[in-house]
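Tertiary structure, described
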Amino acid sequence: MVGVLQVIGAVSVVVCIALLMRWRFDPLYHIPAIGPSSPLLSYLGAYRYCRNAKDMLQEGYNKYKVFRVPYIDRWIVIVSGPDMNEELRRFPDSHVSFEVAASEIIQTKYTIAPNLHRHPIHLPVIRGPLTRNLNVVFAGVIDEIQKAFVDVIPINEDEWTKVHAIKVMAQDFRQFDLDETSLLEGRDPEYLDTVVNFTFNVTRGRFILSFVPSLFKSAVGHMLPWSKRAIRRASVFLKPLIEERKKKLRQLGDDWSDKPNDLLMWLMDEARKVGEDDDLVVQSVLMSNFAAIHTSSHSITHALYHLAANPEYVQPLREEAEFIIKEHGWTKAAMGKMRKLDSFMRESQRLNGITSLTVMRQVLQSITLSDGTYIPAGTIISASARSTHDDKQLYDRADEFDPFRFSDMREGDSEGLKHQYVTTSPEYVAFGHGKHACPGRFFAVNELKVMMVYMLLNFDIKFEHEGGRPENLNIWHSVLPAPNVNLMFRKRRDVLT
Ligand code: HEM
């Protein structure tokens, strides 16, 4: 018995020494940690970061130029302030990589699809044809939005109708999910659910993998069922459509005069360029929707919460929208002219960006930052969007929602474009900044504006229960609109009661 206890004691001592050595000789040891950094205790810090990332990031931002926060299974190094944000985005792809960081954080290979990890064809499509064809896509989007609203917000003539904002906005976005599949006869509910639930399943898979040691990640990752199931289900709907288009391509080639100009066709073209088949097209439709649906639905929900909390802003926004639409119709040009709305949306996103961390990169070759901090290869490094946007040196009354702060800045300003919703800068990183800033933002901004204008012009909106704007929910660095909140919609009357 004594012998067994001695062995257990000796093993425990060896494990403790090994953990202490690993901690002491961790190449990130010299970077200040927020929360405890010692072995095991750092998990308490990770638990706190999960619930309270905002405060921990703010603490680091106030104290240090470079610091680290504990994520589930690793440390993330954070830089503070616009000058460091700018420095980070300037590192070349040979030294730091957005793709590797994203795929490490999301575990793309297992939670989305291995093929997509090798051939991210959605990127050139979103950057290229989707953005170039915004005018063409725009007409379809307006049509779809109008149809979608009739489906998801059934309004009674004179009564208030209860609407669960997050759910309804996500439903709305799935109904015009960037490709002709949304126009499939009857908008098949199974396909639409597959698209929307995909995000949830990616998050679930990622969460499970975070508890799996690196050595076993591949084995466990390959066993996760959800992305395979989603790809199978989406294939049932997409593959016949893809096949039909391929047949036409074979028959007509360049003479196909009414070749569709939509996401599905652009993805098919891109897959052909990299020598891949229909599976990659299906995966990239899902990936595009993954990138688009929840980001957009959360952003608009945040903005609606501000509108419901501050009904005094409804009138100026309505007046602007009515005036501009009268002159320019429901066009992309009209959306571009709505500066107050643009500012309202940008300000909502300044305070409620979908993530507290942006400009995230994985270091491929060790780098040294301008303050002398050495960052070894393999580290994930990021800017703190949350704290940058709360910085009182950058924004007057930074903690207040001031909806027209950006349109006021644009008044008579030769740098007007600098303050529009799509523009990124070291001070405004809600869409990231630099080469890997969100490529879908040009599409998203127009889409969100059309939805806001539609709601402003057709509905009165208030919270089900009074008491102001509900607090956001922060889980790790994700910033979600308060769940379980109902908004009340009513057919618009000119005077709000
Ligand atoms: C308001 C809505 C949206 C928000 C707030 C948003 C935000 C972001 C952010 C913060 C990033 C990471 C950038 C970084 O950290 O440097 C990102 C990347 C990305 N977004 Fe968006 N996004 C939105 C809508 C969309 C839409 C509609 C699409 C697709 C049409 C899209 C496609 C992407 C893609 C593909 C990336 C990865 C870029 C890359 O790999 O270089 N996003 N987005």
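All residue numbers refer to positions counted from 1 along the written sequence of the respective chain. Reporting in this predicted model follows two pLDDT cut-offs: at least 70 for local features of residues, and 80 or more for side-chain atom pairs to be given and counted; totals over whole chains, interfaces and linings ignore these cut-offs and use all residues. Hydrogens and water are ignored here; the side-chain numbers use all heavy atoms of the structure.

**Notes on the coordination of the iron atom of the ligand**
Octahedral metal centres with six donors ideally show angles of 90 or 180 degrees, and tetrahedral centres with four donors ideally show 109.5 degrees. Here the term donor refers to an N, O or S atom within 2.8 Å of the metal (or 3.2 Å for Na, K and Ca), and because water is left out of the atoms, sites may appear incomplete. For the iron atom of the ligand, the sole protein-derived donor is Cys438 (SG), lying 2.3 Å away. Note on conventions: DSSP H or I runs of at least 4 residues are helices, E runs of at least 2 residues are strands, and numbering of each starts at the N terminus. Relative to the helices and strands, Cys438 is located in the loop between helix 19 (405–410) and helix 20 (441–458).

**Notes on the packing of aromatic side chains**
For this analysis, a ring pair means two rings from Phe, Tyr or Trp (six-membered ring only for Trp) whose centres lie within 6.5 Å, classed as stacked if their planes differ by under 30 degrees, edge-to-face if by over 60, and tilted for the remaining angles. Inspection of every chain in the model, using the stated rule, returns 13 aromatic pairs. Measuring from ring centre to ring centre gives 6.3 Å for Tyr395 and Phe406, while their planes differ by 80°; the resulting arrangement is edge-to-face. Residue Tyr395 is found in the loop between helix 18 (385–389) and helix 19, and its partner Phe406 is found in helix 19; the two are separated by eleven residues along the sequence. Relative accessibility under 20% of the residue-type maximum defines a buried residue, over 50% an exposed one, and the middle range a partly exposed one, all with a 1.4 Å probe and only protein chains included. Residue Tyr395 is classed as buried on the basis of its relative accessible area, which comes to 5%. Taken together, the aromatic side chains of Tyr313, Phe344, Phe401 and Phe404 make up a single cluster linked through ring pairs. In this scheme, the term charge over a ring applies when either NZ of a lysine or CZ of an arginine sits within 6 Å of the ring centre and within 35 degrees of the ring normal. When the ring centre of Phe406 is taken as reference, the NZ or CZ atom of Arg346 above it lies at 4.7 Å.

**Considering the sheet that holds strand 2 (residues 75–79)**
Note: strands within a sheet are paired through backbone hydrogen bonds, in either parallel or antiparallel orientation. In short, DSSP must find at least two bridges between two strands for them to pair. Read from one edge to the other, the open sheet built from five strands follows the order 1-2-8-5-3, with strand pairing classed as mixed. Since the sheet does not close on itself, it has two edges, and those belong to strand 1 (66–70) and strand 3 (96–97), each with one partner. In terms of strand pairing, strand 2 meets strand 8 (residues 380–384) through four bridges, oriented parallel. Within strand 8, the residue paired with Ile78 across the bridge is Ser382. Throughout, a contact is declared for two residues whenever any of their heavy atoms are within 4.5 Å. Structural elements are reduced to axes, namely lines fitted to C-alpha atoms, with helices fitted over the stretch in contact, and the angle between N-to-C directions of any two is expressed from 0 to 180 degrees. With respect to the sheet, helix 2 (residues 41–63) is in contact with strand 1, strand 2, strand 5 (357–363) and strand 8, its orientation differing from that of strand 1 by roughly 145°. Its contacts with the sheet place helix 4 (residues 98–106) against strand 2, strand 3, strand 5 and strand 8, and it is angled at close to 100° to strand 5.

**Focus on the site of the ligand**
As a structural note, the neighbourhood of the ligand is formed by 26 residues, with Phe98, Arg127, Val359, His436 and Cys438 the closest of them. Backbone polar atom of Val359 to an oxygen atom of the ligand: 2.8 Å apart, as the coordinates give it. Broken down by secondary-structure element, the contributors of at least two residues to the shell around the ligand are helix 7 (122–132), helix 14 (278–309), strand 5 and helix 20. Asp, Glu, Lys and Arg are counted as charged, while Ala, Val, Leu, Ile, Met, Phe, Trp, Tyr, Cys and Pro are counted as nonpolar; the rest, among them Gly, fall into the polar class. Residue composition of the shell around the ligand, grouped by class: 16 nonpolar, nine polar and one charged. Summary of the distance rule: residues count as near a molecule or strand when at least one heavy atom falls within 4 Å of that molecule or strand. Any N or O atom pair separated by 3.5 Å or less is treated as a polar contact, with the protein-specific requirement of one donor-capable and one acceptor-capable atom, and with residues adjacent in sequence counted only for side-chain atom pairs.

**Focus: a nonpolar patch on the surface**
Residues enter patches when their relative accessible area tops 30% and they take part in no salt bridge; the joining distance is 9 Å for like charges and 5 Å for the nonpolar side chains Val, Leu, Ile, Met, Phe, Trp and Tyr. Shrake-Rupley sampling with a 1.4 Å probe provides the accessible areas, and residues are treated as covered by the protein chains on show and by no other component. Definition used for salt bridges: Asp or Glu carboxyl oxygen within 4 Å of a side-chain nitrogen of Lys or Arg. A contiguous nonpolar patch, built from Val7, Val11, Val15, Leu19, Leu40 and Tyr43 and spanning about 570 Å² of accessible area, is present on the exposed surface. No other element matches helix 1 (residues 2–24), which puts four residues into the nonpolar patch. Looking at where Val11 falls in the secondary structure, it is placed in helix 1.

**Observations regarding the pairing of strand 1**
Strand 1 sits mainly inside the fold: five of its five residues count as buried. Burial along strand 1 is two-sided: Val66, Arg68 and Pro70 facing one way and Phe67 and Val69 facing the other are all buried. Relative to strand 2, strand 1 is paired through five bridges, and the arrangement is antiparallel. Within the sheet, the bridge partner assigned to Phe67 lies in strand 2 and is Ile78.

**Here's the deal with helix 17 (residues 339–352)**
Count 3.6 residues to each turn of an α-helix, and residues three or four apart come out pointing the same way. Expected span, for any helix, means 1.5 Å times one less than how many residues it has. Its 14 residues give helix 17 an end-to-end C-alpha distance of 20 Å, which sits within 8% of 20 Å, the value for a rise of 1.5 Å per residue. For helix 17, the tally of buried residues reaches twelve of 14 residues, placing the bulk of the element in the interior.

**Quick look at the sheet that holds strand 4 (residues 161–164)**
The sheet built from three strands is open, its strands ordered 4-12-9 with antiparallel pairing. Two strands lie at the open edges of the sheet, namely strand 4 and strand 9 (459–463), each paired on one side alone. Pairwise comparison of adjacent strand axes, ignoring direction, gives a mean angle of 35° for this sheet. Note: strand 9 against strand 12 (residues 486–491), five bridges, orientation antiparallel. Paired with Ile461 across the two strands is Phe489, which belongs to strand 12. Against the sheet, helix 20 makes contact with strand 9 and strand 12, and its axis sits at roughly 95° relative to strand 9, the strand it touches most.

**A few points about the pairing of strand 12**
For strand 12, a buried count of five out of six residues is recorded, marking the element as mostly surrounded by other parts of the structure. Examined bridge by bridge, strand 4 and strand 12 share four bridges and lie antiparallel to one another. Bridged to Thr161 within strand 12 is Phe489.

**Regarding the pattern of salt bridges**
This structure, assessed with the given rule, holds 26 salt bridges. The residue Asp342 makes a salt bridge to Lys449 at a minimum N-O spacing of 2.8 Å. With Asp342 in helix 17 and Lys449 in helix 20, this residue pair connects regions lying 107 residues apart in the sequence. Residue Asp342 is classed as buried on the basis of its relative accessible area of 5%. Note on Lys449: relative accessible area 3%, which makes it buried. Among the ionic pairs, Asp390 bridges to Arg386, the shortest N-O distance being 2.8 Å. Judged by relative accessible area, Asp390 falls into the buried class, the value being 18%. Take Arg386: its relative accessible area is 6%, and that puts it in the buried class. Look at the salt bridges and you will find they share partners, linking Asp396, Arg397, Glu400 and Asp402 into a network.

**Things to note about a positive patch on the surface**
A cluster of like positive charges, contributed by Arg204, Lys228, Arg229 and Arg232, occupies part of the molecular surface. With three residues, helix 12 (residues 226–252) is the largest single contributor of residues to the positive patch. Topologically, Arg232 is positioned in helix 12. By relative accessible area, which is 55% here, Arg232 ends up exposed. His is not counted here, nor are the chain ends, while Lys and Arg score as positive and Asp and Glu score as negative. Where a charge lies is defined by one atom per residue type, namely NZ (Lys), CZ (Arg), CG (Asp) and CD (Glu).

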